[in-house]
Each structure stands twice: as C-alpha cells, then as structure tokens.
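# Overview (structure and organization)
Chain by chain, the residues:
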Amino acid sequence: MSISLSSLILLPIWINMAQIQQGGPDEKEKTTALKDLLSRIDLDELMKKDEPPLDFPDTLEGFEYAFNEKGQLRHIKTGEPFVFNYREDLHRWNQKRYEALGEIITKYVYELLEKDCNLKKISIPVDATESEPKSFIFMSEDALTNPQKLMVLIHGSGVVRAGQWARRLIINEDLDSGTQIPFIKRAVAEGYGVIVLNPNENYIEVEKPKIHVQSSSDSSDEPAEKRERKDKVSKETKKRRDFYEKYRNPQREKEMMQLYIRENGSPEEHAIYVWDHFIAQAAAENVFFVAHSYGGLAFVELMIQREADVKNKVTAVALTDSVHNVWHQEAGKTIREWMRENCCNWVSSSEPLDTSVESMLPDCPRVSAVSGILS
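Parameters and conventions
Residues numbered from 1 in each chain as written. Predicted model: local features only at pLDDT ≥ 70, side-chain atom pairs only at ≥ 80, totals over all residues. Heavy atoms only, no water. Axes fitted to C-alpha atoms, helices over the stretch in contact; angles between N-to-C directions. Helix = DSSP H or I, 4+ residues; strand = E, 2+ residues; numbered from the N terminus. Parallel < 35°, antiparallel > 145°, perpendicular 65-115°, else oblique. Left-handed = near helix turned anticlockwise from the far one by under 90°. Contact = heavy atoms within 4.5 Å. Nonpolar A, V, L, I, M, F, W, Y, C, P; charged D, E, K, R; others polar. Phe/Tyr/Trp six-rings, centres within 6.5 Å; stacked < 30°, edge-to-face > 60°. Buried < 20%, exposed > 50% of the residue type's maximum accessible area, 1.4 Å probe, protein only. Lys NZ or Arg CZ within 6 Å of the ring centre and 35° of its normal. Expected span 1.5 Å × (residues − 1). Disulfide = S-S within 2.5 Å.

## Observations regarding the packing of helix α11 (residues 267-277) against helix α12 (residues 294-305)
- At a minimum axis separation of 9 Å, α11 and α12 run at an interaxial angle of 55°. As the angle between them shows, α11 and α12 are arranged oblique. For the pair α11 and α12, the sense of crossing is right-handed. Contacts between α11 and α12 pair P267, E268, A271, I272 and W275 from the former with Y294, L297, A298, E301, L302 and Q305 from the latter.
- Class assignment of the residues belonging to the contact of α11 with α12 gives a composition of eight nonpolar, one polar and two charged.

What follows is the structure in structure tokens.
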C-alpha cells in the first residue's frame, strides 16, 4: 500500500492530537494550537505534490494515440497499446485519464456512425425546446421507410454510448470487438434499416450553483450574545468542512448536478420512447432486436409495457449476456411464452458455440457464445 507525501507530513500531527485529546483539561490549549496549525496548512499544495492536475487532452492526437488500419488503438510514437498505469502509484489520476480518453473515443465512435455507416443523428425528445436537455439516437436513411426489415441495437449499462458494446474492448482490443459497427454494416449490406439506441444518455451535467447562506445575525431577533455564539459555531463548522473538503476533493473539481432528459431518464424509459416515436412508426414488416446485458432488461420492460405492439411487430430478438429477470420484472405468462419462441440469449461459456446452457428462468433459450462475444 502506497502512502502519499501529504499523509506522511500530517501523520505525526494527527498522532499528537490523539494523544493530547486523551489528556486532561490543561491540554485543551495545546489541542487548540494544533488545530490552528492544521487549519493553516495548504492541503492543495500538498496534494499537488502527490497528484498532477486533472487536465487532459481533448483529442486522440493530444493523448498521442490513434486507431491503426486494424482498428486497434496504438501510441503514435511507440506503436504500443494503451497503458493504464501511465504514472505509478497514482491510481485516481490514471483512472481520470482513462475516463477522459473514453469520452474522446465516444465522440470518435459517433463520427464513425455518421461517416462510415452513413447513419443520421436524430435529436430526442422530438418536440424538445431549444433550452431543455436533449439526447439522440442514430438511424439509417431508410429506417422508417424500409418495408421489409429493421434492425434495432441496444447496448448495456455503464459508460458506453450509442454505437458501443464495451469501452474496454475498444481501448484494449479493437473497434470491431467493442463497437456495433460490424453489426450495422452487415445489417445495411443485407438490406435492413437500422436504429441505434442510446439508453445511457439520460441527463446532462451542469455546474451546481453556489448557494449563499444568509448569516443568522441578519435575520434573527435573538440576543446579540446568543447570535455571536451561533455565528462562531457556524464559522468553525465551515472551517472543518472546508478542511476535510481539501482531502476529499484536492483538485477542486467542479460540483456538478444532473438535469434529466424528458421521457428518457433511464434506459427503460429511453427504449419505450424510441419505440413509441420511431420503431412503432416504421414501415418494416419484420423488426429484429440485438440487445446486450442491461439492454436485454430494457427490451423485456418494453415488452411488458407494449406487449401487443411488440408481438405484432418484432420477429426475433438476439440477446447477449442479458441481465433481464422475468420474475423480478414481473413478466406475465404470455410474455414468457413469446420469449421462448422468439428470443435467444447467447451467454459467456466455455462450451462450443450454440451449445445449450441451463437456465434457472422459464423464458428464452440460453446458448453458448464461447468466451462471451462482448465480455
């Protein structure tokens, strides 16, 4: 276990304080003096010695990485794969760097969906005002007009966004392994319209406004002496809070708040919204779903909420490592029967491809996906 420089500097003081606090009343003066010393230590400066600023590039080129002709992420100078532990013993900083790179890759995949797959980016809600939070999905030009076949793709939970199956696979393996692009290109080549859902884009983040608390002395009819005591306690409380905040948030990262997107505040809501406003309006006689992990749960919830419509329009559903649960989601008997006939769940397994895998749930068949195609 590594110990930070700031911890080493402050440790003797903490120990000293603990020893003093075990003493009698005559030790209070020493305790006060030590607290005053701690309050004047600039923890920001100490932490900067431990952790570099959380200031990362906003382009792949800035990170000195690029995708090669095989779709693999490689360092542009060394040709090496991505290195997570860029700085030893700075896990938090390395994680923040990884997340910053992940956000760039998300935008890169969006660009590929439009440029390489010729999909259109469609803003939702469809009737959103200019000022309200918005999300988006991607569709092929013929998604709503193709009279025969429509393919709908739903990814799982977490940091992934439209067009991705797994960020880790994109970074550590290649684009074909971690994105939906091979599925999309094959579907288009075989005459399908395509709709790509974006079920994790549920809110936007904005900086939390600072709340200015009015001093109690400005609005109280209490005696002056009592007000002074309360104000002193309030100031001491604020000092302690600020003191510990420097440990919790050494880089002074912005405090953010979430503004949820109307009718798209969860993956389940998103699936229902896209069904109602797009898939249900599509001309295709046969609709096919491919849903990974939590995307399978979102599909089952869609089926529960729109059972008759789904049965009428959906021909087949391919699930991959789906985490749906027909008992917890309270899917009725007719839904479970339909799933047994029209769904198949490919799950991680060491068995040969398409080998039947035992299931505890009375819904769709489970078969082997060898090592888990999207794990």
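## Side note on the packing of aromatic side chains
- All told, the structure shown has 15 aromatic pairs when counted by the stated rule.
- Considering the side-chain rings of Y110 and F136, the 5.1 Å spacing of their centres and the 80° angle between planes classify their relative orientation as edge-to-face. Of this pair, Y110 sits in helix α5 (residues 91-115) while F136 sits in strand β4 (residues 135-139), and the two are 26 residues apart along the sequence.
- Classification of Y110 as buried rests on a relative accessible area of 11%.
- On the basis of relative accessible area, F136 is assigned to the buried category, the value being 12%.
- In this structure, R87 packs its charged tip against the face of W93, placed 4.8 Å from the ring centre.
- A cation over a ring is seen here: K121 above F136, with NZ or CZ 4.2 Å from the ring centre.

## Comments concerning α12
- With twelve residues, α12 ought to run about 16 Å at 1.5 Å a step, and its terminal C-alpha atoms sit 17 Å apart, in line with that.
- Across the twelve residues that make up α12, a large majority, nine, are buried.
- Within α12 the residues assigned to the buried category are G295, G296, L297, A298, F299, V300, E301, L302 and M303.

## Digging into the state of the cysteines
- Within this structure, the stated rule accounts for zero disulfides.
- Lacking any disulfide linkage, C344 is separated from the closest cysteine sulfur, that of C364, by 6.8 Å.

## Quick notes on the environment of S157
- Tracing the sequence through the fold places S157 in the loop between β5 (149-154) and α6 (167-172).
- The spacing of S157 and P267 is 110 residues in sequence and 8.1 Å in space, taken between C-alpha atoms.
- Residues within four places of S157 in sequence aside, it is in contact with N200 and Y294.

## Side note on unusual backbone geometry
- A cis amide bond, omega 0°, links I124 with the succeeding residue P125.
- Relative to the helices and strands, P125 resides in the loop between β3 (120-124) and β4.
- With phi around 60°, N118 is a residue other than glycine that occupies positive phi space.
- If you trace the backbone, N118 turns up in the loop between α5 and β3.
- Assessed through its relative accessible area of 55%, N118 is described here as exposed.

## Details of the packing of α12 against helix α14 (residues 333-342)
- α14 packs onto α12 with a crossing angle of 130° between their chain directions and a minimal axis gap of 10 Å. Taken together, α12 and α14 sit at an angle that is classed as oblique. When the axes of α12 and α14 are compared, the crossing they make is right-handed. Packed against α12, whose contacting residues are F299, V300, M303 and I304, the element α14 presents I335, W338 and M339 at the interface.
- Taken together, the residues that form the contact of α12 with α14 break down as seven nonpolar, no polar and no charged.

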